[in-house]
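What the coordinates show
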Amino acid sequence: MTSPISGPTGGAEAAKALAAAKSAETKSKSLGDKDTFMKLLVAQLKYQDPTKPADSTAFLAQTAQFTQVEKLEDMIAMLQSQRMIGASSLVGKTVTYMDDTGAMQTGVISAAKLNGDSEPTLKVGNTDVQLSKVTEIRQTA
């Protein structure tokens, strides 16, 4: 990418655009990456030096990067749904897990949930257990 021009207003405006893009990213993490990338690309085009426009091959490469970001977002959504399907298949199974104190506990999974980008959480009795804490899964008799 080429950097925006510096000058009395060019650099300050580009910095404002970058700050707005970062603010948008924190507001919506699931769409922030794609939206942030597009805002940065638009800001770059808006504030580029008219006497030295961006190289068309560089612009094409940036467009390809944007497409890759979109496809990665789609893949992340697909992986999250697969993680949820995998966690939901454990409902009704007996598990052994390590609790917060490091002690091993056993119980039956009554529910599974996925909170955003985090790993699946299993409901065992009244306790929420992260899937990574499970050490053994057995068929409930």
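Values in this document were obtained by computation on a predicted structure and should not be read as measured data. In every chain, residue numbers begin from 1 and rise along the written sequence. For a predicted model such as this one, the threshold for reporting local features is a pLDDT of at least 70, and the threshold for listing and counting side-chain atom pairs is 80 or more; totals across whole chains, interfaces and linings nevertheless cover every residue. Side-chain numbers come from the whole structure's heavy atoms, not from hydrogens or water.

Tallying secondary structure elements over the protein gives three helices and five strands in all. Overall, the protein shows an N-to-C arrangement of helices and strands of α-α-α-β-β-β-β-β. A buried classification covers 21% of the 141 residues belonging to the protein. Note on contacts: a residue pair is in contact if any heavy atoms of the two residues lie within 4.5 Å. Considering only residue pairs separated by 6 or more positions, the protein has 50% of its internal contacts joining residues 24 or more positions apart. We get accessible surface area from the Shrake-Rupley algorithm with a probe of 1.4 Å; when it comes to residues, only the shown protein chains can shield them. A total accessible area of about 9,300 Å² is found for the protein, and carbon and sulfur atoms account for 59% of it. Strands here mean DSSP runs of E at least two residues long; helices mean DSSP runs of H or I at least four residues long; both are numbered from the N terminus. Only protein chains enter the area calculation, which uses a 1.4 Å probe; residues under 20% of their type maximum are buried, those over 50% are exposed, and those in between are partly exposed.

It is worth spelling out the sheet that holds strand 5 (residues 134–138) at this point. Pairing between the strands of a sheet is mediated by backbone hydrogen bonds and can be parallel or antiparallel. One open sheet accounts for five strands, arranged 4-3-2-1-5; its pairing is antiparallel. What marks the edges here is a single partner per strand, and that holds for strand 4 (127–130) and strand 5. When the angles between neighbouring strand axes are averaged without regard to direction, this sheet yields 45°. By the bridge criterion, five bridges tie strand 1 (residues 94–98) to strand 2 (residues 104–113) in an arrangement that is antiparallel. Looking at strand 2, one finds that Met98 is bridged to Met104. Any two strands are treated as partners once DSSP identifies two or more bridges connecting them. Every angle, taken between N-to-C directions, lies between 0 and 180 degrees, and every axis is a line fitted to C-alpha atoms, over only the stretch in contact when it is a helix.

Ala87, Leu90, Val95, Tyr97, Ile109, Ala112, Leu122, Val124, Val129 and Val134 together form the largest nonpolar core, which totals ten residues. For this core, the secondary structure elements donating two or more residues are strand 1, strand 2 and strand 3 (121–124). Apart from the residues lying within four places of it in its own chain, the contact partners of Val134 are Val95, Thr96, Tyr97, Leu122 and Val129. As used in this record, nonpolar core signifies buried Ala, Val, Leu, Ile, Met, Phe, Trp, Tyr and Cys residues forming a set joined through side-chain atoms within 4.5 Å.

Attention now goes to the pattern of salt bridges. By convention in these notes, a salt bridge is any Lys or Arg side-chain nitrogen within 4 Å of a carboxyl oxygen on Asp or Glu. Scanning all chains against the criterion turns up three salt bridges. Lys113 is the salt-bridge partner of Asp128, the closest N and O atoms lying 3.4 Å from each other. Residue Asp128 is located in strand 4, and its partner Lys113 is located in strand 2; the two are separated by 15 residues in the primary sequence. According to the relative accessible area criterion, Lys113 is partly exposed, its value standing at 36%. For the salt bridge of Arg138 with Glu136, the shortest nitrogen-to-oxygen distance reads 3.2 Å. Given a relative accessible area of 37%, Glu136 falls into the partly exposed group. Several salt bridges converge on common partners, so that one network encompasses Lys113, Lys123 and Asp128.

Right, let's get into helix 3 (residues 56–88). Take the number of residues in a helix, subtract one, and multiply by 1.5 Å to get its expected span. Taking 1.5 Å per residue as the helical rise, helix 3 with its 33 residues ought to reach 48 Å, and the 48 Å between its terminal C-alpha atoms agrees with that figure. Where helix 3 is concerned, the buried positions are Gln62, Phe66, Glu73, Gln80 and Ala87.

If you trace the backbone, Thr121 turns up in strand 3. Here Thr121 falls in the buried class, since its relative accessible area comes to 11%. Setting aside chain neighbours within four positions, we find Thr121 in contact with Ala111, Ala112, Lys113, Asn115, Asp128 and Val129.

Right, let's talk about a nonpolar patch on the surface for a bit. The grouping of Leu72, Met75 and Met78 at the surface amounts to a nonpolar patch, some 300 Å² of accessible area in total. Mapped onto the elements, Met75 comes out in helix 3. When its relative accessible area of 46% is taken as the criterion, Met75 is described as partly exposed. Put simply, a patch holds well-exposed residues, over 30% relative accessible area, that have no salt bridge, with like charges counted together within 9 Å and Val, Leu, Ile, Met, Phe, Trp or Tyr side chains within 5 Å.

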